[in-house]
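A look at the structure
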Amino acid sequence: MALIVQKYGGSSVRTTDRIRRIAERVVTTYEAGHDVVVVVSAMGDTTDRLLGLAREMDPLPSPHELDLLLTTGERVSNALTAMAIHALGAPARSFTGPQAGVITTSLHGEARIIDVRPWRVREALDHGTIALVAGFQGLSRDTEEITTLGRGGSDTTAIALAAALKADVCEIRTDVNGVYTADPRAVPGARLLRHLTYAQMRKLAASGARVLALSSVDYASRHGVTVHVRSSYDDRPGTVVSDSVEKRVEYIVPGRGTPSRSPLLPALGAALSGAALALLAGAQPSLPADGAAGASHPDTGR
Ligand SMILES: Nc1ncnc2c1ncn2[C@@H]1O[C@H](COP(=O)(O)OP(=O)(O)O)[C@@H](O)[C@H]1O
Ligand SMILES: N[C@@H](CC(=O)OP(=O)(O)O)C(=O)O
């Protein structure tokens, strides 16, 4: 049994139908015997819409009111996802960032996570419940105000929770099936990268690969969190970001009551190993574009 943190980006929860699909994936993971913590971003362009509403009221809104407003986006999507999980018959409980023990600096709109004390999340897991945490938000220790973490902050929430809970992996589930050499929507020949070190991922994120927020890569690197960027809609291998070749498949363990490892594991390990070796040798990665799965184009389920 593994402890898996799954983060679903806003594009993957744009509609209630998509939320139902996400809920099915969460429940499948749970039923395989894993402890599951879910971090969901706000639905679609909710954060932008809320920003627009705020500016209609005041061109320079109060940072306190703005953060209070923006954090509602993630609360809505997490509560709805919990309800969708209940409808499938599984136990789930959602928490706001502050309830989940996410402690931040006090700078509204750009707060940094300085500590995570997820005892309520741990308690839920210990009771066999799927725990959901609203991303992108926390509580300032100094001011006791609700804060937001800056755009893309749900990635950092998920990785910080994974670090604090000593999760086996933090899955970043999104609308493409991994990290590519370039934005696969803009560059048709972009190739899927099966394994990246933190430093390599950092370079990509810094040069605009928004699939993983830059600050979240730094958090993962500092805390040694294995990050697995993959599709919200299927279980293709995706991209593993870690500090070493060995770490990349550790979390893929049999579920509760499952007698042996998945037969897919050796194949996945071999594929990742090839990528990792190419990258570690400093060579230009020369993997086929997800060729092993028989698909040459990314999942563009927007
Ligand atoms: N190198 C890259 N690899 C994969 N995706 C990339 C890359 N660069 C940019 N992207 C874009 O990142 C998007 C995913 O990030 P984002 O829209 O923030 O997702 P989410 O809604 O899941 O948070 C993809 O749809 C893709 O267009
Ligand atoms: N909703 C926030 C936080 C976030 O991380 O979103 P997403 O995972 O959709 O990039 C934003 O739009 O920035």
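Residues numbered from 1 in each chain as written. Chains lettered and ligands numbered in written order. Predicted model: local features only at pLDDT ≥ 70, side-chain atom pairs only at ≥ 80, totals over all residues. Heavy atoms only, no water.

Cut-off, in case you're wondering: UniProt positions are given in the numbering used here, feature names are shortened, and annotations may be inferred rather than shown by experiment.
You'll find the chain entered in an unreviewed UniProt entry as Aspartokinase, with Streptomyces malaysiensis given as the organism. On record in UniProt, under Sequence similarities (unreviewed entry), the comment for the chain is "Belongs to the aspartokinase family."

1. Quick word on the sheet that holds strand E9 (residues 169-174)
This is how it is decided: Two strands are said to pair when DSSP picks up at least two bridges between them. Under the scheme used here, helices are H or I runs from DSSP no shorter than 4 residues and strands are E runs no shorter than 2 residues, and both carry numbers assigned from the N terminus. Every angle, taken between N-to-C directions, lies between 0 and 180 degrees, and every axis is a line fitted to C-alpha atoms, over only the stretch in contact when it is a helix.
The strand order across the open sheet built from 8 strands is E3-E6-E2-E1-E9-E13-E14-E12, with neighbouring strands paired in mixed fashion. This sheet does not close on itself; its edge strands, each paired only once, are strand E3 (92-95) and strand E12 (195-197). Adjacent strand axes in the sheet meet at a mean angle of 20 degrees when their direction is disregarded.

2. Description of unusual backbone geometry
The backbone of phenylalanine 136 shows a phi angle near 75 degrees, a positive value even though the residue is not glycine. On the secondary structure map, phenylalanine 136 appears in the loop between strand E6 (130-134) and strand E7 (137-140). Despite not being glycine, glutamate 144 shows a phi value in the positive range, around 60 degrees. Its place among the elements puts glutamate 144 in the loop between E7 and strand E8 (146-148).

3. Thoughts on the pattern of salt bridges
Quick note on the threshold: When a carboxyl oxygen of Asp or Glu is within 4 Å of a side-chain nitrogen of Lys or Arg, the pair counts as a salt bridge. The cut-offs for exposure are 20% and 50% of the maximum accessible area for each residue type, with area from a 1.4 Å probe on protein chains only; residues under the lower value are buried, those over the upper are exposed, and the others partly exposed.
Using the criterion set out here, one finds 14 salt bridges in the structure. In this structure, the salt-bridge partner of arginine 49 is aspartate 45, at a minimum N-O distance of 3.5 Å. The class for aspartate 45 is partly exposed, based on a relative accessible area of 41%.

4. A short note on the site of ligand 2
Cut-off, in case you're wondering: Nearness is defined per residue: one heavy atom within 4 Å of the molecule or strand is enough. Polar contacts, as counted here, are pairs of nitrogen or oxygen atoms within 3.5 Å of one another; within protein the pair requires one atom able to donate a hydrogen and one able to accept it, and residues that are adjacent in sequence qualify only if both atoms are side-chain atoms. Accessible areas in this description were obtained via Shrake-Rupley with a 1.4 Å probe; residue shielding takes into account the shown protein chains only. Classes in brief: Ala, Val, Leu, Ile, Met, Phe, Trp, Tyr, Cys and Pro nonpolar; Asp, Glu, Lys and Arg charged; the others, Gly included, polar.
Residues in contact with ligand 2, as listed here, are Lys7, Gly9, Gly10, Ser41, Ala42, Thr47, Glu74, Phe136, Arg151, Gly152, Gly153 and Ser154. Separating a nitrogen atom of ligand 2 from a side-chain N or O atom of threonine 47 is a distance of 2.8 Å. One of the side-chain N or O atoms of glutamate 74 is found 2.7 Å from a nitrogen atom in ligand 2. Burial of ligand 2 by the protein chains amounts to 81% of its free accessible area of 340 Å². For the shell around ligand 2, the class distribution of residues is 2 nonpolar, 7 polar and 3 charged.

5. Overview of the side chain of arginine 173
Selection rule: Here a residue-residue contact requires only that any non-hydrogen atoms of the pair lie within 4.5 Å.
Counting through the fold element by element, arginine 173 comes out in strand E9. Polar side-chain contacts of arginine 173 include one of 2.7 Å to the backbone oxygen of serine 231. Setting aside residues up to four positions removed in sequence, arginine 173 forms contacts with Gln6, Lys7, Tyr8, Gly9, Ser12, Arg25, Arg230, Ser231, Ser232, Asp234 and Asp235.

6. Comments concerning the nonpolar core
Quick note on the threshold: To qualify as a nonpolar core, a set must consist of buried Ala, Val, Leu, Ile, Met, Phe, Trp, Tyr and Cys residues joined through side-chain atoms within 4.5 Å.
Val5, Val37, Val121, Cys170, Met201, Val225 and Val227 are the most contacted members of the largest nonpolar core, which totals 41 residues. It is helix H5 (residues 153-165) that provides the largest number of residues to this core, a total of 7 residues. Those residues in contact with valine 5 that lie beyond four places of it in its chain are Val37, Val39, Ala158, Ala162, Ala167, Val169, Cys170 and Glu171. Counting residues in hydrophobic clusters, the runner-up holds 19 residues, among them Val13, Ile19, Val26 and Ala92.

7. Regarding the packing of H5 against helix H7 (residues 214-223)
Operational definition: These descriptions rest on fixed angle ranges, namely under 35 degrees for roughly parallel, over 145 for roughly antiparallel, 65 to 115 for roughly perpendicular, and the rest for oblique.
Between H5 and H7, the least distance of the axes is 8 Å, while the angle of their chain directions is 10 degrees. In this view, H5 runs roughly parallel relative to H7, as classed from their interaxial angle. Two secondary-structure elements touch here, H5 through Asp155, Thr156, Ile159, Ala160 and Ala163 and H7 through Ser215, Ser216, Tyr219, Ala220 and His223. Classifying every residue of the contact of H5 with H7 by side-chain character gives 5 nonpolar, 4 polar and 1 charged.

8. A short note on the pairing of strand E1 (residues 3-8)
So the rule is basically this: When the strands point away from the viewer, a crossover counts as right-handed if the path from the first strand over the helix to the second runs clockwise.
Counting buried residues along E1, 6 of its 6 residues qualify, which places the element largely inside the surrounding structure. Both faces of E1 are covered, namely the face carrying Leu3, Val5 and Lys7 and the face carrying Ile4, Gln6 and Tyr8. Note: E1 against strand E2 (residues 35-40), 6 bridges, orientation parallel. Along E2, the bridge assignment pairs leucine 3 with aspartate 35. Where the polypeptide runs from E1 across helix H1 (residues 16-31) and back to E2, its parallel neighbour, the crossover connection is right-handed.

9. Notes on the environment of valine 229
Inspection of the secondary structure puts valine 229 in strand E13 (residues 227-231). Judged by relative accessible area, valine 229 falls into the buried class, the value being 0%. Taking the C-alpha atoms as reference points, valine 229 and glutamine 6, separated by 223 residues in sequence, lie 9.9 Å from one another.

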